[in-house]
Amino acid sequence: MTLEGLLGVDPFVVPPVLLVLAALVVFAIRPRLIHPAGLVVTAAALAYAATVPEGYELTGTIFGSGLLADVGFEVVFVSVDEFSRLMGLIFAFIGFIAVLYSWSTDAAPTQTAYALAYVASSLGAVFAGDWLLLLFSWELMAITSTLLVWHHGGAAIRAGFRYAVWHGIGGSLLMAAVIWHYQSPGVGSFVITNEGIATGIPQVLAALGIGINVAFVGFHAWLPDTYPRPHVAASVFLCVYTTKTGVYALYRAFPQGELLIAYMGGAMAVFGVTFALLQSDMRRLLSYHIQSQVGYMVAGVGMGGALATSGAFAHVFNHILYKALLFMTVGVVIYRTGAESLNKIHGMRRAMPITFVAFTIAALSIAGFPGFNGFVSKGMVIAEAHHYEKYEALWYMLLLGGVGTFMSFIKLGYYVFFYGEQTHDVDRASLGQSIAMLSVAALCVGYGLFPDALFAILPERGAEAVVEFEVFSLYHLLEGFGLAAAGVIGFALLKRPLSRVGKIPDRDLGYNPLSVGLGRGVLRTINAAIGVLDRTSTRASLGTVALGTTLASDSDRAVGAEPSPAGGSTLLERGLGVLFTRRGGIGIGVLIVVIVATVLLLAFL
């Protein structure tokens, strides 16, 4: 008997995104219950992803009646295939772990509410059956992740602003690609198919828009600029969803692969690991390694072969496990010591044994050491590159990235856990933190020692190629041990020069002050224009301005807004002060912007 027959209703009519949003209702009623509610709904989302039938679709009509009936169209809210199921499984599982970790790391209920909204929007994107709904979820991801960053306040405010601008640009490019795709000859539909995005300009726009989310070289600086800024528990969520949803969307847009995208993946692998080696800030180092490891996924999608595609999604799955584990272990160190720099934390292995063991497993996994899950998935992508002459240069790039990865995590582990005398007297990881870390660590080892368990949940597109790939062949083992040996030798040779390197600026050296300057310039220009309108407006308008000035005065002082030429900040300037200050309530400000934009859109339609 089916679940529908047993229950009397279709159990899959409620998408996983609504399951997670249910926790937000609990938050509105009783904020202190957000963490247990988050555990329940992410577990329910995991069950949904595990049991929803292959080929299941949930469709509906947008604007199908009333005044907007003429512009109504069908949408596919949920479409389940092997790729969306895999993403749903790992997104829901790590969401559960991250909520548990947040609860154990004293994360504020509001922060976890933002994080769950972020999880919900990511699930909406990977289960979306058409480009329009994927794009809608994509933009919600940008908003909710920005709120998650902003909640921490301090340096996270400006970083979150730049993050929002970057992802706004990416979303706009993807929107243009979707619209152009819809208008292309022979398309006329938003439904996602195995044909991908229409060739030509739509593909270029899609590659650029998605490229921002996956941190293409040149579009990447938002990542190491943002992820080290918020609460340590927020970083665990952030390291998972945005870039991996980007990889998923990249596959949907280019299901047959693309040579330039494959080589961009190789460039990401090398560039990211190079800059990671030069970092002393622990979370900044890990952030550059997100770009590097996503490079292997992008290379797999770009090559497009059966083994490469399977390897790309296996690496998505594995990377989410070990990268979340790395951010959890480093987060515990920061949470207990209050220090973030490798120059200030040493010799902590005896004081934090569980954290040390979990970190070691995660480090060996990301480096691709035999017996750990990264060895399996990374090896699949490298093997595909090795099979074809046109990917020979890419093969060398991926191997070089592997050596750099070993060097980076030898550096991180050496200074935090081994070098010198213990620098801090700290409590060990809490029970909740330990359960979260060790459960993920067990999976990293399990999928490394028993790769068939991983292959069983991969898309069947590469089933034959995966069967032919011998994980523990002599050649692959020698490759893994050889990369490890090269990493050890490389770190031994470069340890002293690397220890003398300070903070190495990236492209953010230029665009950070540029973004602040442009932002202030635009704000002053708008302020001057509004000032002219203020002076010529009616008494009622002036009354509205006075009311807005009164409501926003505290927030204006918090951000240090400069007075307007007219002797005081205008309503718009003070409103922006409310929006971009911690005390003013960022969530309320963003909600107001979304509501106004929605009303304007409906009026236009």
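Residues numbered from 1 in each chain as written. Predicted model: local features only at pLDDT ≥ 70, side-chain atom pairs only at ≥ 80, totals over all residues. Heavy atoms only, no water.

A.B. asks: Quick question: what am I supposed to make of helix α10 (residues 232-253) here?
C.D. replies: Along an α-helix, residues three or four apart share an orientation, since each turn contains 3.6 residues. Taking 1.5 Å as the rise per residue, α10 with 22 residues should run 32 Å; its terminal C-alpha atoms sit 33 Å apart, in good agreement. The sharpest bend along α10 measures roughly 25° and falls at Leu238. The buried count for α10 comes to 22 of 22 residues, which makes it a mostly enclosed element. (Helix = DSSP H or I, 4+ residues; strand = E, 2+ residues; numbered from the N terminus. Expected span 1.5 Å × (residues − 1). Bend = angle between axes of the 7 residues up to and from the residue. Buried < 20%, exposed > 50% of the residue type's maximum accessible area, 1.4 Å probe, protein only.)

A.B. asks: Looking at this structure, how should I read unusual backbone geometry?
C.D. replies: When glycine is set aside, most residues are seen to have a negative phi, and most peptide bonds are trans. With a phi close to 60°, Asp106 is a non-glycine residue in the positive phi region. Examined against the element boundaries, Asp106 turns out to sit in the loop between α4 (82-104) and α5 (109-127). Taking relative accessible area as the criterion, Asp106 reaches 57% and is therefore assigned exposed. A positive phi angle, near 70°, is found at Ala215, a position not held by glycine. In this structure, Ala215 sits in the loop between α8 (201-213) and α9 (222-226). In this structure Ala215 comes out as buried when scored by relative accessible area, which is 0%.

A.B. asks: Where do I start with a nonpolar patch on the surface in this structure?
C.D. replies: On the surface, Val13, Val14, Leu18 and Leu21 cluster together into a nonpolar patch covering about 290 Å² of accessible area. Secondary-structure assignment places Val13 in the loop between α1 (3-7) and α2 (16-29). (Patch = residues over 30% accessible without salt bridge, like charges linked within 9 Å, V, L, I, M, F, W, Y side chains within 5 Å. Areas by Shrake-Rupley, 256 points an atom, 1.4 Å probe, with all protein chains shown as cover. Salt bridge = Lys/Arg side-chain N within 4 Å of Asp/Glu carboxyl O.)

A.B. asks: Help me understand the environment of Phe237 in this model?
C.D. replies: Position of Phe237 among the secondary structure elements: in helix α10. Taking the C-alpha atoms as reference points, Phe237 and Ile320, separated by 83 residues in sequence, lie 10.0 Å from one another. Discounting residues that sit within four places of it in the chain, Phe237 has contacts with Gly95, Ala98, Val99, Ser102, Ala115, Tyr118, Val119 and Leu148. (Contact = heavy atoms within 4.5 Å.)

A.B. asks: Can you help me understand the pattern of salt bridges in this one?
C.D. replies: Side chains that differ in sign of charge can pair as their charged atoms come close. The full count for this structure, using the stated rule, is five salt bridges. When the shortest N-O distance is used, the salt bridge between Asp225 and Arg162 registers 2.9 Å. With Asp225 in helix α9 and Arg162 in helix α7 (residues 155-183), this pair connects stretches of sequence that are 63 residues apart. Accessibility assignment for this pair places Asp225 and Arg162 in one class, buried.

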